[in-house]
Amino acid sequence: MSDKSGTESARDVWITGIGLISSLGEGLDAHWQALAVDEPHVGAVDTDHFAPFPVLPMVPLELDKQIPRKADIRQMEPWQRLGTYAAGLALADAGLAGDLERLAHMDMIVAAGGGERDVDVDGQILAGLGVAADSEAFLNERLANDLRPTLFLAQLSNLLAGNISIVHKVTGSSRTFMGEEIAGISAVEIAARRIRAGQGDQFLVGAAYNAERKDMLLSLALGNTLWQGAVNSVWERANAGGGMVTGSLGVFLVLESREHAEARGRAGYAKLGPVLSGRSRREPGQAAAVARGQIDALRPALGDKPVGVLSGATGIARTTLEERALLETLVAEGIVGPIRATQSLIGNSLEAAFPAQVALAALALSRKGFYRPTDPTGLELEAADVPTQILATSWGFWRGEGMALLEAID
Amino acid sequence: MGKTRDHLGRPVVAVTGMGVVTSLGQGIDDNWSALTSGKSGIHRITRFPVDHLRTTMAGTVDFLFDDVPRSAVLTEKLAELAAEEAIARAKIGTPGDFPGMLFMAVPPVELDWSVKRGLYDKGDASVSDPYDRMIESAMALNDPDIYEYALYACVADKTADRFGTRGAPISLSTACASGATAIQLGVEAIRRGDTDAALCIGTDGSVQVESLIRFSLLSALSTNNEDPAAASRPFSKNRDGFVMAEGAGALVLEDYDAAIARGAEILAVIRGVAEQADDFHRTRSKPDGSPVIGAMRQALGDAGIALDEVDYINAHGTSTPENDKMEALSLEAVFGDAVTGIPISSNKSMIGHTLTAAGAIEAVFSIQTIRSGIIPPTINHDVADPSISLDVVPNVARAAPVSMVLSNSFGFGGQNACLVIAAGPA
């Protein structure tokens, strides 16, 4: 579907608040320092608990800074805490924290996976099933005795949104999209479309992913999607059999119509231009064809000079190599400029991956700079110019191709 | 371009196709004859043993597979059947080429115990950590089918593939309001002019022993096991919880003018949509009902209608003590004394609570109510709750002209969604 962002208008979509936490740090300054200033390196890597897979854990957080009530923290699983925390950062950043009047009319779209399982209970049951006289009756009995009611609520996908309503008082409409990366793409896309069409003035959009979960690693291992070994760049991984590294991340964006932001005296980090989503069956060449179509649709909105790209490449061999080939063609055509694959340093955060790309693009535009290359294979080149536009992309590890064009606000 | 606009100058959203599967059967005709004769689809659970369970009945859909399917497989099949019926009714597009977007309410995915057990048993017994053991055998198994059905995007992706919908499919969950949310998203997309058509589906085939136990641990389920057909008793004094159930509902939504231009039959119009999140508690509504009241008022406002234009309310009516009390209190607050003159019934008295699918299934039945002039009853209403002064159409269907329906859907996590469905545009 096309997304006509139009030219300068009151219904432009501005990003006026960002909450971002990951293995690299908490907040925008930390991410700018780690990705644009310091010699690029990953944060702490956990190579032990989830071996053979490396995992990028969240930096330590003081949860009560954004989730003051202990009772609330207790009733959340880690992924919900990360999301609720990041949502609080975004609202504070946008000057909306505690603004009950505005929060009551704020719409929310959360991209979420599922809740975390009690792996200890699962393990005890699995061990017992094989020796029980009546395995089905044993399963019933153990589940009835061992499952915790609060855990169930923490497992519902829409309960991150529910917790944000409770803790931060965001109580307009509340929708939760599911489905790995594509959920994050659609969340940003639909919020932007609604703002442009006047179906809302201010949205809280985002997601959270806790990578320190064996139940998720099991699902991903079913598809042999995970990288084993030292964490390196996605381009190197794609050349060596491929695989993704998962990373914990929480990200929320406050998206606002320009007129709404200006009326309350707020500046934006960047303007969110067209957001495009698509799908393919991922037969060879199909994802590139979808992405090429998206680039063609964006052409009228692109400036004269090649646009910098924050690639959502995962490191999975076939899709990453296909994306690389497309990017190399677009560079040769003078459409695409410097390329950065953020997952080389922060890992894949599934539903949160695309909102994080949008956040990092907005951050770079607001800082009038770009991130440092982290690629020994030669695709990521030094950036010469101050970017005025950045293209944030995502190709899901299984399905979903999306991109968003962000522009500097002057 | 079309010229029909609603009271706010927006394109009008028509329903041109609908389909349904519940424990009562497949297709609108079978469901409608059962619903209007007050028949229940709730039965004793045979899908899995019920040892140690406090609740032993449900509205499972057992007539589609010979063996017990995985939840995601059943969820997909239910959606496929409902969507096929809806698309055939709408006579839109060509097979495998639906000219519009897909908005799909699906239950959250879990690896079924049968799958986990298979992985564990195939694994290396010398690996002490059970998840490490399953991970190792998962990688050795390398089974695309098991892999794909463990992903949240899978059911909607396969549905998009089957019907050839446009763009990226949306998989969504707003708990027990999900089906209504899928319709809201379709309505908003058509109002924006993003698409002329939308396929909106709510589907749920997730009655498994663990999901049943989880709801049971929250004390949300009825334990009236002796007579399953009589267990779901919305608005009755002796209601004691909801009954889990399965099914799917699908609607084809279209821009009204585009539908007229291609000669489609207009089954109904979605006049208003609204929702308001509750910030009170993860499972309980704010005691004053204000978010529920707000959602209903906003839906009526979005539809641009007066209170006295609503001539039937399709209740959320789960049969839990909490929901039905709050819903009745909120309806009284919105409609005042006039509420006693508006028939209100709960389809859940017969089909149980179809969870993710409920909002979509109940929208289908709301439209069928308008089209047939018959209001399905709230069955099992033998002991009235003196604190609820609603006309719940007790036990027996009622013939009455209906041209405007308010359909309510509420869910855990503070989700409140309301639809206003009308016979035609204003």
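Residues numbered from 1 in each chain as written. Chains lettered and ligands numbered in written order. Predicted model: local features only at pLDDT ≥ 70, side-chain atom pairs only at ≥ 80, totals over all residues.

Caption draft 1: Region of the structure containing the overall build of chain A. Helix and strand counts for chain A come out as 16 helices and 13 strands. The C-alpha radius of gyration computed for chain A amounts to 21 Å, which stays within 12% of the reference 22 Å derived for 410 residues, consistent with globular compactness. Referenced to the eigenvectors of the C-alpha coordinate spread, the extents of chain A come out at roughly 70 × 55 × 40 Å. Buried positions account for 62% of the 410 residues belonging to chain A. (Helix = DSSP H or I, 4+ residues; strand = E, 2+ residues; numbered from the N terminus. Rg over C-alpha atoms; globule rule 2.2 N^0.38 Å. Buried ≥ 20, exposed ≤ 12 C-beta atoms within 10 Å, placed from the backbone.)

Caption draft 2: Broad picture of the environment of arginine 282 of chain A. Residue and element names in this part refer to chain A. Structurally, arginine 282 can be placed in the loop between β9 (270-278) and α13 (286-298). Separated by 105 residues in the primary sequence, arginine 282 and phenylalanine 177 place their C-alpha atoms 22 Å from one another. For arginine 282, the residues in contact, after removing those within four places along its chain, are Ala287 and Arg399. (Contact = placed C-beta atoms within 7 Å.)

Caption draft 3: Fine view of helix α7 (residues 178-192) of chain B. All names here are of chain B. When the terminal C-alpha atoms of α7 are compared, their 21 Å separation across 15 residues agrees well with the 21 Å that a helix rising 1.5 Å per residue should span. Across the 15 residues that make up α7, a large majority, 14, are buried. Just downstream of α7 lies glycine 193, where phi reads positive at about 80°. (Expected span 1.5 Å × (residues − 1).)

Caption draft 4: Representation of the packing of helix α3 (residues 113-122) of chain B against helix α4 (residues 130-141) of chain B within the structure. All names here are of chain B. Where α3 meets α4, the closest approach of the two axes is 8 Å, and the angle between their N-to-C directions is 90°. The orientation of α3 with respect to α4, classified from their angle, is roughly perpendicular. Contacts between α3 and α4 involve Lys116, Leu119, Tyr120 and Lys122 on the former and, on the latter, Pro130, Arg133, Met134, Ser137, Ala138 and Leu141. For the contact of α3 with α4, a count of residues per class yields six nonpolar, one polar and three charged. (Axes fitted to C-alpha atoms, helices over the stretch in contact; angles between N-to-C directions. Parallel < 35°, antiparallel > 145°, perpendicular 65-115°, else oblique. Nonpolar A, V, L, I, M, F, W, Y, C, P; charged D, E, K, R; others polar.)

Caption draft 5: Structural view of unusual backbone geometry. The amide bond that connects alanine 51 of chain A to the next residue, proline 52 of chain A, takes the cis arrangement and shows omega of 10°. Relative to the assigned elements, proline 52 of chain A resides in the loop between α1 (27-37) and β3 (55-56). Even without a glycine there, the phi angle at histidine 52 of chain B is positive, about 70°. Note that histidine 52 of chain B resides in the loop between β3 (43-44) and β4 (57-58). Taking the number of C-beta atoms within 10 Å as the measure of exposure, histidine 52 of chain B has 16 and is therefore partly exposed. Even without a glycine there, the phi angle at alanine 175 of chain B is positive, about 55°.

Caption draft 6: Layout of the environment of aspartate 30 of chain B. Residue and element names in this part refer to chain B. With respect to the helices and strands, aspartate 30 occurs in helix α1 (residues 28-36). Assessed through the 14 C-beta atoms surrounding it within 10 Å, aspartate 30 is described here as partly exposed. Sequence-wise, aspartate 30 and valine 20 are ten residues apart; in three dimensions their C-alpha atoms are separated by 9.6 Å. Dropping the residues within four chain positions of it, aspartate 30 is found in contact with Leu24 and Gly25.

Caption draft 7: The packing of helix α9 (residues 180-196) of chain A against helix α16 (residues 353-367) of chain A, seen in detail. Residue and element names in this part refer to chain A. Between α9 and α16, whose axes approach to 6 Å, the crossing angle comes to 50°. Judged by the inter-axis angle, α9 sits oblique to α16. Contacts from Glu181, Gly184, Ile185, Ala187 and Val188 of α9 reach α16 at Ala353, Phe354, Pro355 and Val358. The class makeup of the residues in the contact of α9 with α16 is seven nonpolar, one polar and one charged.

Caption draft 8: Representation of the domain arrangement of chain B within the structure. All names here are of chain B. Here chain B is described as being made up of domain 1 (14-109 + 150-422) and domain 2 (113-148). Each partner contributes residues to the interface: domain 1 has five residues there, and domain 2 has five residues. Class assignment for the residues of the side of domain 1 that touches domain 2 results in three nonpolar, no polar and two charged. (Domains from an automatic or database assignment.)

Caption draft 9: The interface of chain A and chain B, seen in detail. Taken residue by residue, the interface counts 65 residues in chain A and 64 residues in chain B. For the side of chain A that touches chain B, the residue count by class is 29 nonpolar, 24 polar and twelve charged. Bridge count between strand β5 (residues 174-178) of chain A and strand β6 (residues 170-172) of chain B: two bridges; the pairing is antiparallel. Residue pairing across strands places methionine 178 of chain A opposite serine 171 of chain B, the latter belonging to β6 of chain B. (Pairing = 2+ DSSP bridges.)

Caption draft 10: Structural context of the nonpolar core. By size, the foremost hydrophobic cluster in this structure holds 291 residues, and its most contacted members are Ile201, Ala250, Leu251 and Ala360 of chain B. Looking at which element gives the most residues to this core, the answer is α16 of chain A, with eleven residues. Leucine 251 of chain B has contacts with Val15, Gly17, Met18, Ala86, Ile183, Cys200, Ala360, Ala363 and Val364 of chain B, leaving out every residue within four places of it along the chain. (Core = buried A, V, L, I, M, F, W, Y, C linked by C-beta atoms within 7 Å.)

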